[in-house]
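# Topology and contacts: notes
One letter stands for each residue in the lines below.
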Amino acid sequence: MSFNHAPIAQEAKNYINFCQDKTALDAARVKYLGRKGIVAELFSGIPALPQEERKAYGASLNILKQAIEEVLHQKEAALSASVASAGAPGPDITLPGKKPLLGRQHPLTQVETEICDIFGRFGFKVFEGPEVETEYNNFEALNIPLEHPSRDAFDTFYIKTEGKEESSAGRRLLRSHTSPAQIRALKTCLPPMAVVVPGRVYRPDAMDASHSFMFHQVEGIAVSEKMRFSDLKGVLIAFAREMFGEKTKLRFRPSFFPFTEPSAEVDITCFLCAGQGCPVCKKSGWLEILGCGMVHPRVLKSSGCDPKAWRGFAFGMGVERIAMLKFGITDIRMFFENDIRFLEQF
Amino acid sequence: MRISYSWIKEFVDVKLSPEKLSDRLTMAGLSVASLDEVDGDWVYDIEVTSNRPDWLSVRGIVREVAAITGAKFKKARPVLRATLAPGKKSSQPFSVRVSDTKGCPLYYGNLIVGVKVTTSPAWLIKRLKAVGLRSVNNVVDITNLCLMEYGQPLHAFDFDKLEGGAIVVRRACDGERLILIDGVEKKLSAGLLVIADTKKPVAIAGIMGGQDSEVSSKTANVMLESACFDPVAIRRGARLLGVASDSSYRFERSIDLSGVKAGLLAATKMICDMCGGTLAAAKQAGTPAQSKKQKIIFDLKEAADVLSIRITPREAKSTFEKLGFGVKQKKPDVFEVTAPSFRKDIKVAQDITEEIARAYGYDKIPLTTPEIKSFSMKVPKVQTIERMIRRLLVSMGLKEVITYSLTSEENYAKSGLPLPQAISALVNPLSQDYSLLRTTLLPALLECASFNISRNNPDFEIFEIAHVFGKGEETISVGILLSGDKRAAWLKDSMPYTLYDLKGVLESLFNEFSIKGYVFTPLEKQSSLTGFTPSQGSALNFCLLVNGSEAGSLGVIPEAVKRSWGIKAKDDIFVAEFSLSAFACAADLKKVFRPLASTPSITRDISVLAGNATPYAAIKELIEKRAAGYLKSVALAECYQGKEVPEGSRGLTISLIYGSEAKTLTDAQINLVHSNVLDGLVKELSLTLR
C-alpha cells in the first residue's frame with residue numbers, strides 16, 4: 001500500500017486556504033481532522049494493515065495530520081489578522097484613554113523642594129523655624145539695630161500684645177525674612193553645621209504684580225572652622241547649575257546685608273535670553289537671584305558661637321521670584337489665587 | 001542716587017565709556033539700576049546700600065570712581081569759600097541757639113543779605129534736571145546742587161520771616177502746627193525736632209522746611225542752614241510725619257560731620273556770586289568735633305584665607321590708601337587701619353576684608369568646594385510627616401494650594417465660625433481683610449472654592465498644609481476640600497464627591513502611618529480645636545478623635561455658608577481639617593514586612609436590612625467579635641437606600657473574607673462561624689437577613 005499522502009495534503013492545503021472566514025475554516029477542520037474526518041478515516045484503516053506496515057503507516061499519517069494542523073493554524077492567524085485590521089469587533093484604540101486623576105504640589109512647594117533637595121545633596125539639612133518670631137531674633141541678633149535705616153528693607157508686621165508694652169526682645173512679629181532661623185539653627189545644632197531653612201515670610205508691601213505681603217524664602221547657613229568666601233561661591237555655582245542649567249554663569253557683586261560681611265548680591269545669566277538681553281532681565285543679561293555673604297561675627301556671637309573659632313557663610317533667596325522666572329509667570333498674585341487651571345499646569 | 005557722567009568727569013579724568021563705567025560701578029557695589037541718555041549726557045541711577053551714605057553725593061561717588069578705575073583727580077577744584085564782607089556787618093539781630101544738642105550737635109547759620117531771587121541759569125537747571133530735581137529758584141537750586149555734590153543737606157530761610165531774627169533748634173510742643181513747603185499742614189507732636197524762631201516752628205529739622213519761611217522772589221535776605229542732626233531723631237520724625245525728603249534720607253543714614261562746613265561754604269559762595277548777596281553774619285552752635293577714630297587691627301593672612309586669594313601687604317596697603325584709610329603696618333601681615341570720617345560702616349576687621357575683596361574683584365575670587373561634615377540634627381517628626389502627607393495627598397489626586405496666613409473677622413463670620421478668643425491681631429495691618437493671624441485653614445479653603453466655582457470650575461479636590469496660630473503657639477494644620485465631581489475622561493464615569501470620599505482620604509492617611517486608634521463621630525460638644533458647638537450649624541459637623549482626643553473635624557458645608565461665600569454650586573462641598581502634630585504623635589513610621597498569606601481564603605456575602613439607627617460600625621464590630629480568629633477582613637459591598645427597602649432603613653451587603661494565617665479552614669468550620677455571625681446580627685442587632 002502506498003504511504004504517499006502528498007495528494008491529500010495538497011488537496012487539504014488548497015481547501016483550507018480557500019476558506020474566507022472562521023466558519024469555513026472550522027468546517028475545514030472538521031472535514032479533515034474531525035472525529036469522522038478524512039484523517040481519522042485513514043487512521044481507522046490501520047488495523048486492516050499487515051502488522052509490519054502499521055507502524056510506518058501510522059507515522060506517515062501523523063506527519064499528514066501535523067501538516068494539516070499547521071496549515072489550519074497559519075490560515076487561522078491570517079484570518080484573525082485581517083479581521084483585526086478590518087476593525088470589526090475588539091477595542092477602538094482611538095477612543096480616549098481613561099487617565100487617572102493626578103494630584104499636584106503647588107508650584108512654590110515644587111521649587112522650594114527642588115532648592116532644598118539640591119542643597120541636601122551638598123550635605124545641608126532642612127531646618128524649620130516659626131513664622132511668629134521675636135523682634136530680637138528677627139533684628140538685633142542679626143545685627144540690625146533699632147531705628148536704623150537698614151531696617152527699611154525689612155518692613156515688618158507686628159503682633160498686638162495685651163496689656164503693657166513688652167520689651168523689644170519680647171515683642172512678637174511675623175518674620176520678615178527666614179534669617180532669624182539662622183540664630184535658632186545655630187543654637188540647636190552646634191557647628192560644624194549646614195542647614196537650609198524654607199518658609200513663609202511677611203512684609204507689609206502693598207500687593208501688585210510683583211509684590212505680596214506674604215512670600216517664601218529659602219535661607220542657608222554653613223558654619224565650620226575654616227569656611228571661606230570661595231566655598232560660598234563654589235556652593236552657589238554648583239546650586240545654580242543644577243537649578244538653572246549647566247551653562248549658567250554667576251556674577252557676584254559687592255552688596256550690603258547687616259548679617260553678613262563681606263556681602264554679595266548674586267546674579268545668574270538670564271536663562272530666557274542666554275545673557276543676550278531681554279525684557280525680563282531688563283536688557284542686562286543678568287537676573288538678580290539671591291543675596292549672600294560670610295556670617296557677621298556679631299551674628300555668630302548672638303547665636304552663642306565664638307567668632308574666633310568659627311566661620312560661616314549664609315545665603316537667602318526668594319522662591320516666588322525663582323518660580324516666576326522658571327515658569328514664565330508674570331503676576332505673583334497667581335500663586336495665591338489657586339486657580340485650579342493654574343495649579344494643574346505644574 | 002542719580003548722577004550724570006559729565007558731573008563725574010568734572011572731577012576725575014575717566015577714560016571709560018559710560019557703559020563700561022556702569023559695569024565697573026556695579027561690580028564695585030554701586031549697583032547701577034539704569035543708565036539713560038538725557039540731553040546729550042548719561043545719567044546713572046545708582047542703588048546705594050544703607051551702609052554707604054558717603055555714596056549719596058557726587059564727591060563721594062567720584063572718590064570711589066577714582067579708587068576703582070585709578071583715574072586721576074583733575075586739578076583739585078578749589079573748595080569754595082565765602083568770607084564775611086568787611087564793614088558790611090549786619091545791624092539786624094541774628095542769633096542761633098541749639099537747645100537740644102543731642103538732636104543737633106552742630107549748626108551753622110549764615111546770613112546773606114541783598115540777594116536777588118530769580119530763575120536759575122540754564123546750566124544749573126539742566127544739571128539738576130539730569131539728577132531728577134526740579135528747579136525752584138536760584139537760591140533753592142544752589143542748596144540742592146550743593147546737597148547733591150557734597151551730600152550735605154542745606155536749607156535756605158527767608159530771614160525776614162524769622163521772628164526776632166532767631167534760630168532755635170528745639171523739640172516741638174504738643175499742639176504746634178506747621179504748613180510744609182509742599183503745602184500740607186502737619187500737626188507736630190511733642191518731641192519732634194524742629195527749627196523755630198522766637199515764636200513758632202519754621203521747619204522740621206532735617207526733614208522739610210515750612211511754607212511761610214521759604215525763599216521766594218520777594219526774599220531779599222537769606223539765612224542759610226547747614227547742620228548735623230541725630231539720625232534716629234530724623235528717622236523717627238520722618239516716619240511719624242510720613243514725610244521723606246532728600247535731606248531726611250541722608251540724615252537718617254548719618255552725614256559726615258566734616259562735610260557740614262564744606263557744604264555751607266560752597267553754597268554761601270555760590271549765593272554771593274550768582275545771586276548778588278553779601279555774607280553779613282556767620283553763626284555757629286556746637287563744634288565739629290569728630291568722635292575718636294576707631295583703630296581696627298587687620299590680619300591680612302586671615303582675610304586672604306577667607307577669600308582664598310593671594311595678596312601682598314604692599315597691595316593691601318595701596319588699596320587702603322586709595323580708599324583714604326589711615327594705615328600703620330604693625331607686622332608684615334598685620335595692619336592698624338583707621339577709616340576716614342565718611343566711612344562709618346567700617347567697624348570690624350571683616351568690613352576691611354570686604355574692602356580688600358572689592359578692590360581685588362569679587363569675580364576673581366576662586367571657586368572652592370567646602371567640606372561639609374556630617375553633623376547630627378534631629379529632624380522633628382512633624383517635619384518628616386508633613387512632607388509624607390503632602391506626597392500622599394498628591395498621590396490621591398489632590399492639588400496643593402497656598403493661601404494667605406492673614407485673615408479677617410469677616411472671613412470667620414462668612415464661614416460660620418466663631419472668632420476664637422485666642423486669635424492674634426496685627427498692630428499694623430495693610431487692610432482689615434488681612435489683619436488677623438488665622439487659627440484655621442477653613443475660610444481660606446472656602447475662598448479658594450468660591451474663586452474656582454465662580455470661574456466655572458466646580459470640580460476640584462484641594463488641600464493645604466500650613467501654620468496656624470493660637471495665643472503664643474504655632475502649629476501645623478492640614479486642610480482638605482472636595483468639590484463637585486470626581487472627574488473622569490469619559491464624562492458619564494464622573495461621580496459626585498461624597499463625605500465618604502473625604503473620610504476615605506483620611507483613612508488612607510491613617511493606614512499609611514499605622515494609626516489604629518482613630519474614630520469618626522458626630523460632633524457632640526464644643527470642639528476644642530475650632531471652638532465650635534454643634535448647634536451653630538457648623539460646616540464641621542463631625543469630629544475626628546485620635547487615641548481619644550480631638551485631632552480634627554470634617555463635614556459638609558451648610559447652604560448658608562455657601563451662600564455667604566457666593567458659592568452657587570448645587571453639589572455639596574466637603575471639608576476636613578486636622579492637626580499635624582496630633583497626627584504625628586500617633587503615627588508609626590516603622591514599616592515591618594508581614595509574610596504574605598499562603599492559606600486560601602473564602603468569601604461569604606451577607607445581605608441585611610438595617611435601620612438607620614444601627615450604625616455600620618456596630619454591625620462590623622459584631623461580625624469581628626463573632627468571627628474572631630477566622631476572619632481576614634470585612635468589606636462593604638453595597639449600601640442601598642431607595643425603593644427596594646422600607647423607608648428609614650438601608651440594605652447592606654457585606655463581604656466577609658474568611659481565612660487563617662496558620663491553617664487552611666474547611667467549609668464545615670466556616671459554615672459554623674458564619675452561621676454564628678448571622679445569628680448575632682439577627683438576635684443582637686435585630687437585623688433582617690435578606
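A brief report on the enclosed structure follows. Note that the coordinates shown come from a computational prediction; the quantities given were computed from them, not determined experimentally.

Rules of the game
- Residues numbered from 1 in each chain as written.
- Chains lettered and ligands numbered in written order.
- Predicted model: local features only at pLDDT ≥ 70, side-chain atom pairs only at ≥ 80, totals over all residues.
- Heavy atoms only, no water.
- Helix = DSSP H or I, 4+ residues; strand = E, 2+ residues; numbered from the N terminus.
- Rg over C-alpha atoms; globule rule 2.2 N^0.38 Å.
- Buried < 20%, exposed > 50% of the residue type's maximum accessible area, 1.4 Å probe, protein only.
- Areas by Shrake-Rupley, 256 points an atom, 1.4 Å probe, with all protein chains shown as cover.
- Disulfide = S-S within 2.5 Å.
- Contact = heavy atoms within 4.5 Å.
- Buried area = accessible area lost by both parts, 1.4 Å probe.
- Salt bridge = Lys/Arg side-chain N within 4 Å of Asp/Glu carboxyl O.
- Polar contact = N/O pair within 3.5 Å; in protein donor to acceptor, adjacent residues only side chain to side chain.
- Core = buried A, V, L, I, M, F, W, Y, C linked by side-chain atoms within 4.5 Å.
- 1 Å grid on protein atoms, 1.4 Å probe; cavity = no way out; pocket = protein on both sides within 12 Å on 5 of 7 lines; lining within 4 Å.
- Points joined across faces, edges and corners; volume = space filled by probe spheres on them.
- Nonpolar A, V, L, I, M, F, W, Y, C, P; charged D, E, K, R; others polar.
- Pairing = 2+ DSSP bridges.
- Phe/Tyr/Trp six-rings, centres within 6.5 Å; stacked < 30°, edge-to-face > 60°.
- Lys NZ or Arg CZ within 6 Å of the ring centre and 35° of its normal.
- Axes fitted to C-alpha atoms, helices over the stretch in contact; angles between N-to-C directions.
- Parallel < 35°, antiparallel > 145°, perpendicular 65-115°, else oblique.
- Left-handed = near helix turned anticlockwise from the far one by under 90°.

For the rest of this paragraph, the subject is the overall build of chain B. Across its full length, chain B holds 19 helices and 33 strands. The globule rule puts the C-alpha radius of gyration for 690 residues at 26 Å, and the 40 Å found for chain B is more than 25% above it. The principal-axis extents of the C-alpha atoms in chain B amount to approximately 130 × 65 × 45 Å. Here chain B holds 690 residues, and 51% of them are scored as buried. Taken as a whole, chain B presents about 32300 Å² of accessible surface, with 52% of it coming from carbon and sulfur.

Moving on, we come to the state of the cysteines. All names here are of chain B. Inspection of the entire model under this criterion finds zero disulfides over all chains. Here Cys228 is not disulfide-linked; the sulfur of Cys104 is the nearest cysteine sulfur, at 7.3 Å. What makes Cys228 buried here is its relative accessible area of 10%. Looking at the unpaired Cys543, the closest cysteine sulfur is the one in Cys585, lying at 17 Å. When its relative accessible area of 7% is taken as the criterion, Cys543 is described as buried.

This part takes up the interface of chain A and chain B. On the side of chain B, 88 residues touch chain A, which itself brings 93 residues to the contact. Taken over both partners, the interface formed by chain A and chain B buries close to 7700 Å², and the fraction arising from carbon and sulfur atoms is 59%. At the surface where chain A touches chain B, the tally comes to ten salt bridges. Ionic pairing is found between B:Lys399 and A:Glu344, a salt bridge with its closest N-O pair at 3.8 Å. Scanning the region where chain A abuts chain B turns up 36 residue pairs in polar contact (both at pLDDT 80 or more). In terms of residue count, helix H8 (residues 229-244) of chain A provides more of the side of chain A that touches chain B than any other element does, seven residues in total.

Counting 139 residues, the largest nonpolar core has A:Phe119, A:Val195, A:Leu236, A:Phe315 and B:Phe320 as the members making the most contacts within it. A per-element tally of this core places H8(A) first, with nine residues. Not counting residues up to four positions away in its chain, the partners in contact with A:Phe119 are A:Phe124, A:Val196, A:Val235, A:Leu236, A:Phe239, A:Phe315 and A:Met317. Judged by nonpolar contacts, the second largest core, of 94 residues, contains B:Ile3, B:Ile234, B:Leu264 and B:Ile271.

Turning our eyes to something else, we now look at the layout of surface pockets. Residues and elements named next belong to chain B. Approximately 1700 Å³ is the volume found for the second largest pocket. Lining the second largest pocket we find 36 residues, and of these Lys503, Glu507, Tyr518, Phe520 and Tyr616 sit closest to its centre. A per-element tally of the lining of the second largest pocket places helix H15 (residues 499-512) first, with seven residues. Class assignment for the residues of the lining of the second largest pocket results in 18 nonpolar, six polar and twelve charged.

All names here are of chain B. Taken together, five strands build an open sheet; the order of strands is E4-E7-E10-E11-E12 and the sheet is mixed. A single partner strand is all that each edge strand has here, and the edge strands are strand E4 (95-98) and strand E12 (208-209). Direction of pairing for strand E7 (residues 166-171) relative to strand E10 (residues 193-196): antiparallel, over a ladder of four bridges. Considered in E10, the bridge of Val168 is made with Ala196.

Considering all chains together, one arrives at 31 aromatic pairs over all chains under this definition. Where A:Tyr15 meets A:Tyr32, the ring centres are 5.8 Å apart and the plane angle is 65°; that geometry is what we call edge-to-face. Of this pair, A:Tyr15 sits in helix H1 (residues 6-18) while A:Tyr32 sits in helix H2 (residues 22-33), and the two are 17 residues apart along the sequence. A relative accessible area of 0% places A:Tyr32 in the buried class. Ring-pair connections join several aromatic residues into one group, and the members of that group are A:Phe157, A:Phe213, A:Phe327, A:Phe335, A:Phe336, A:Phe342, A:Phe346, B:Tyr404 and B:Tyr434. Over the ring of B:Phe375 we find A:Lys125; its NZ or CZ atom is 4.5 Å from the centre of that ring. The lysine or arginine in question, B:Arg253, covers the ring of B:Tyr249, its NZ or CZ lying 3.7 Å from the ring centre.

With that settled, consider the side chain of B:Ser408. Note that B:Ser408 resides in the loop between strand E19 (406-407) and helix H13 (409-414). Those residues in contact with B:Ser408 that sit more than four places away from it in its chain are B:Gln432, B:Asp433 and B:Leu436.

A few words now on the pattern of salt bridges. A full pass over the atoms with the stated rule returns 59 salt bridges over all chains. Ionic pairing is found between A:Asp267 and A:Arg253, a salt bridge with its closest N-O pair at 2.8 Å. Taken together, the residues A:Asp267 in strand E8 (residues 260-269) and A:Arg253 in strand E7 (residues 250-257) connect sequence positions 14 residues apart. Here A:Asp267 matches A:Arg253 in class, with each residue buried. A salt bridge links B:Arg170 to B:Glu176, with the nearest nitrogen and oxygen atoms 2.9 Å apart. By relative accessible area, B:Glu176 is classed as buried at 15%. Put simply, B:Arg52, B:Asp54, B:Glu64, B:Arg343, B:Asp345, B:Glu355 and B:Arg358 are held in one network by salt bridges that share partners.

On to helix H6 (residues 231-241) of chain B. One turn of the α-helix equals 3.6 residues, which is why residues spaced by three or four share an orientation. Residue and element names in this part refer to chain B. Among the residues of H6, Ala233, Ile234, Arg235, Gly237, Ala238 and Leu241 are the ones counted as buried. For H6, the elements touching its buried residues are E7, strand E9 (185-187), strand E11 (201-204) and helix H7 (246-252). Positive backbone phi, at 65°, marks Gly242, one or two positions downstream of H6.

Next up on the list: the packing of helix H12 (residues 381-395) of chain B against H15(B). All names here are of chain B. Two elements in contact, H12 and H15, have axes separated by 11 Å at closest approach and are oriented at 135°. Classed by the angle they form, the pair H12 and H15 counts as oblique. The hand of the H12/H15 crossing is right-handed. Between H12 and H15, the contacting residues are Ile389, Leu392 and Leu393 on the first element and Val505, Leu509 and Glu512 on the second. Split into classes, the residues belonging to the contact of H12 with H15 amount to five nonpolar, no polar and one charged.

So, to be careful, I would describe these as geometric facts and stop short of saying anything about function.
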